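Per-entry structural report
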Amino acid sequence: MAAFLAAPQVHHVGLQSRNVEKGEVQMWLHPGPSILSGASPSSFQLSTAGAVAVLAVAQRRRVARAAEETKKKTRSIAKETLARLRSRSPRTTPKGQAKKKMPPAPDPYELDEEGRKIFPWPKSFAEIVQTSLFSTMNLIMEGETRIEVCFPPLPLADLDWNICDLTETRIVDANIQHAIAFAKLMVKDKRAFPQLNAEEALKKAQEGAPVQEPDKIKGLLERRFKKKPEGDLGRTVRIIFPNKPDMLRARDIHYNKWRKMDRPELLRRGYYNEVNEDAWPGPFEDVFVYIICQEAAELPKIRNYIEKADAVATRQGRVLRHVLFNLNLNKLRSDIEFQRRLLPFQPGQATSKVHFDFFTTFRNAYLIRFGKYTQTVLRDPFNINYVGAMYHAYPSPWQVFMQDPDGAYVPIWATDLRPSVQCVKRKLQRANSLWRDVGLPEDDSKDDVYKVADIKAAGTIQKTVLQFIKEGAGDALWWEEGFDEEVSRKWRLA
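Residues numbered from 1 in each chain as written. Predicted model: local features only at pLDDT ≥ 70, side-chain atom pairs only at ≥ 80, totals over all residues. Heavy atoms only, no water.

**Overview of the overall build of the protein**
Scanning the protein from terminus to terminus reveals 15 helices and 13 strands. The proportion of buried residues among the 494 residues of the protein is 46%. Approximately 27,400 Å² of the protein is accessible, and the part contributed by carbon and sulfur atoms is 54%. (Helix = DSSP H or I, 4+ residues; strand = E, 2+ residues; numbered from the N terminus. Buried < 20%, exposed > 50% of the residue type's maximum accessible area, 1.4 Å probe, protein only. Areas by Shrake-Rupley, 256 points an atom, 1.4 Å probe, with all protein chains shown as cover.)

Next comes the structure, spelled out in structure tokens:
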């Protein structure tokens with residue numbers, strides 16, 4: 001009997017639990033027959049303490065659940081994406097399969113009748129990136145510090161590079177991937193850059209053109225910047241984006257491509273406006289690659305970055321190399337004239353001076369520009385479609401290719417100076433036997449803007465009536481015929 005009275009009657013003092021995970025707990029207390037029958041009060045206190053402990057656990061779970069829900073509502077998608085990408089293991093080459101390597105040099109060139117190097121038409125984007133790097137390094141080894149590379153980032157069937165929207169996501173991502181591959185190849189190139197005098201190299205690059213913001217550059221030079229340490233640290237490349245959000249997005253989305261190299265710390269990122277910030281550490285890298293410029297108004301920002309970085313590097317006795325990578329300058333130059341007429345008083349817009357004073361100082365290393373045309377004729381089949389391209393890979397001349405019926409590209413003309421867009425069209429018309437239908441003269445020396453000027457007939461059209469009806473009065477675009485305004489003709493050279 002004593003043993004029965006000492007036993008705690010837990011079924012009378014306890015918890016009625018419903019959805020304990022959600023924190024819904026009800027407690028009930030009932031003395032029960034054990035208390036009335038003379039049981040010890042300590043057993044009742046013990047049961048009450050256990051119930052309170054369970055209540056505390058449920059309360060903690062409810063608080064933790066509320067905190068987790070709050071965290072989900074305020075989560076950072078960018079951080080989650082970055083963490084997910086970092087958690088993935090890098091791709092490995094299957095056993096027995098040879099690892100793909102880029103060839104050390106592009107396909108061998110051929111010599112034309114005049115002894116000029118003619119490169120064949122590229123077969124893939126990997127070959128395009130490889131050849132563009134080959135041509136860029138050749139110019140750098142010859143002492144050039146400002147270089148342009150431009151080609152369509154997607155196949156011709158998917159993209160019209162001449163009129164496309166440069167802000168389209170697929171174009172931006174394709175350009176980022178090509179730029180990363182280009183920069184990696186430049187880092188891997190073991191050739192040492194030529195030693196140049198910093199002041200003379202800057203003077204040669206500017207070609208006597210005034211800087212855009214001399215007062216701000218003077219104030220910038222009063223600051224002290226960290227110099228690149230001595231020693232063989234390897235070649236460093238900095239890819240410059242239009243703004244910080246684009247830079248961070250490229251870091252997160254293409255994380256594996258940034259890191260998949262022997263020394264990923266040699267490949268860095270920046271943005272156009274960082275030179276105007278007080279926290280800018282200075283131009284530490286050797287090569288700066290500028291990509292995905294999305295509108296003409298950003299061209300002065302590129303000029304601002306290059307001029308300020310060059311000024312600081314010259315003060316330190318260093319020479320920087322700048323590469324304009326796939327900016328599609330032809331389209332942006334067209335937008336300059338369009339915006340000047342549409343929005344003449346809007347501040348921050350680019351003007352023609354940014355081309356004549358700055359972008360003419362860049363030497364072209366690699367370029368592909370397609371042209372798709374339709375010609376109406378007064379004979380069967382009445383509408384004739386023809387496709388061609390302008391191609392340049394230093395040290396080859398400027399070449400014009402036509403597309404044959406089988407889809408292959410055949411070279412039809414070469415020149416040492418960059419041909420005008422109108423000239424390329426005329427050469428394609430001649431190659432497709434359409435020159436009579438459009439009224440072109442039999443002498444093809446008048447096709448380009450570099451034809452000998454007729455002083456006696458200055459100011460006249462110098463075109464046949466049919467040619468004037470088909471083409472209009474002009475021979476070239478505004479940036480192609482500005483011989484007197486441009487400070488340099490580097491951009492025209494082969």
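**Focus: the sheet that holds strand S11 (residues 383–393)**
The strand order across the open sheet built from nine strands is S7-S6-S8-S9-S5-S10-S11-S12-S13, with neighbouring strands paired in mixed fashion. The open sheet has two edge strands, strand S7 (267–271) and strand S13 (409–415), and neither has a second partner. Across the sheet, the axes of successive neighbouring strands diverge by a mean angle of 25 degrees, strand direction being ignored. Here strand S6 (residues 237–241) runs beside S7; their pairing, made up of five bridges, is parallel. In the sheet register, Ile239 faces S7, and the bridge partner there is Arg269. Of the strands in this sheet, strand S5 (146–150), strand S9 (321–325), strand S10 (363–376) and S11 touch helix H5 (residues 125–141), which is tilted by about 130 degrees from S10. (Pairing = 2+ DSSP bridges. Axes fitted to C-alpha atoms, helices over the stretch in contact; angles between N-to-C directions. Contact = heavy atoms within 4.5 Å.)

**Some remarks on the nonpolar core**
Counting residues in each nonpolar core, the largest one holds 53 residues, and the members touching the most others are Trp280, Tyr290, Leu299, Ile302, Tyr305, Leu324 and Phe359. Residue contributions to this core peak at seven residues, all from helix H11 (residues 299–315). Beyond its immediate sequence surroundings of up to four residues, Leu324 is in contact with Ile147, Glu148, Val149, Tyr290, Ile302, Leu329, Phe359 and Phe362. Judged by nonpolar contacts, the second largest core, of 48 residues, contains Leu267, Tyr271, Val287 and Ala389. (Core = buried A, V, L, I, M, F, W, Y, C linked by side-chain atoms within 4.5 Å.)

**Details of the packing of H5 against helix H6 (residues 169–188)**
Across the interface, H5 lies against H6 with an axial gap of 10 Å and an inter-helix angle of 45 degrees. Relative to H6, the element H5 lies oblique. Both H5 and H6 take part in a crossing whose hand is right-handed. Here Phe125, Val129, Gln130, Ser132, Leu133, Thr136, Met137 and Ile140 of H5 come into contact with H6, specifically with His178, Ala181, Phe182, Leu185 and Met186. Here the residues of the contact of H5 with H6 are counted per class, giving nine nonpolar, four polar and no charged. (Parallel < 35°, antiparallel > 145°, perpendicular 65-115°, else oblique. Left-handed = near helix turned anticlockwise from the far one by under 90°. Nonpolar A, V, L, I, M, F, W, Y, C, P; charged D, E, K, R; others polar.)

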